[in-house]
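Observations on chain architecture
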Amino acid sequence: MMEVISFVALAAGLIIGLGAVGACIGIGIMGSKYLESAARQPELMGELQTKMFLLAGLIDAAFIIGTGIALWFATANPFLSQIANLPK
């Protein structure tokens, strides 16, 4: 039983860690492309800024949802009752 709990903790850490890395890389790439495109066409900066902030919110939302699911599994794992009933 303790092995399963430790795997849940490991999985939750991986979900949060890899989600954070992915969100940081995605926002970094998007920010660099925004600056590059704003330097090329400054007249479109307002429209591009709106789209960039919308996408930054969506990228962060995906990470926050993953964090919520990982914390849910870490604190109130719905699979522990099924694992406890398995034959040994």
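The model shown is predicted, which means the values in this text are computed figures rather than measured ones.

Moving on: the UniProt feature "transmembrane region" (unreviewed entry) in the chain. Per the UniProt entry, the sites bearing "transmembrane region" (unreviewed entry) are residues 6-31 and 52-74 in this numbering. As a span, residues 6-31 carries 100% helix and 0% strand, and end to end its C-alpha atoms are 37 Å apart.

The end-to-end C-alpha distance of helix α2 (residues 45-75), which contains 31 residues, comes to 44 Å, matching closely the 45 Å that a straight helix rising 1.5 Å per residue would cover. Of all the residues in α2, the buried ones are Met52, Ala56, Gly66, Thr67 and Ala70.

So, on to a nonpolar patch on the surface. Among the surface-exposed residues, Phe7, Leu10, Leu14 and Leu18 lie close enough to one another that they form a single nonpolar patch of about 450 Å² accessible area. One can find Leu18 in helix α1 (residues 2-40). A relative accessible area of 61% means that Leu18 is categorised as exposed.

How each quantity is defined
Residues numbered from 1 in each chain as written. Predicted model: local features only at pLDDT ≥ 70, side-chain atom pairs only at ≥ 80, totals over all residues. Heavy atoms only, no water. UniProt positions renumbered as here; feature names shortened; annotations may be inferred. Helix = DSSP H or I, 4+ residues; strand = E, 2+ residues; numbered from the N terminus. Expected span 1.5 Å × (residues − 1). Buried < 20%, exposed > 50% of the residue type's maximum accessible area, 1.4 Å probe, protein only. Patch = residues over 30% accessible without salt bridge, like charges linked within 9 Å, V, L, I, M, F, W, Y side chains within 5 Å. Areas by Shrake-Rupley, 256 points an atom, 1.4 Å probe, with all protein chains shown as cover. Salt bridge = Lys/Arg side-chain N within 4 Å of Asp/Glu carboxyl O.

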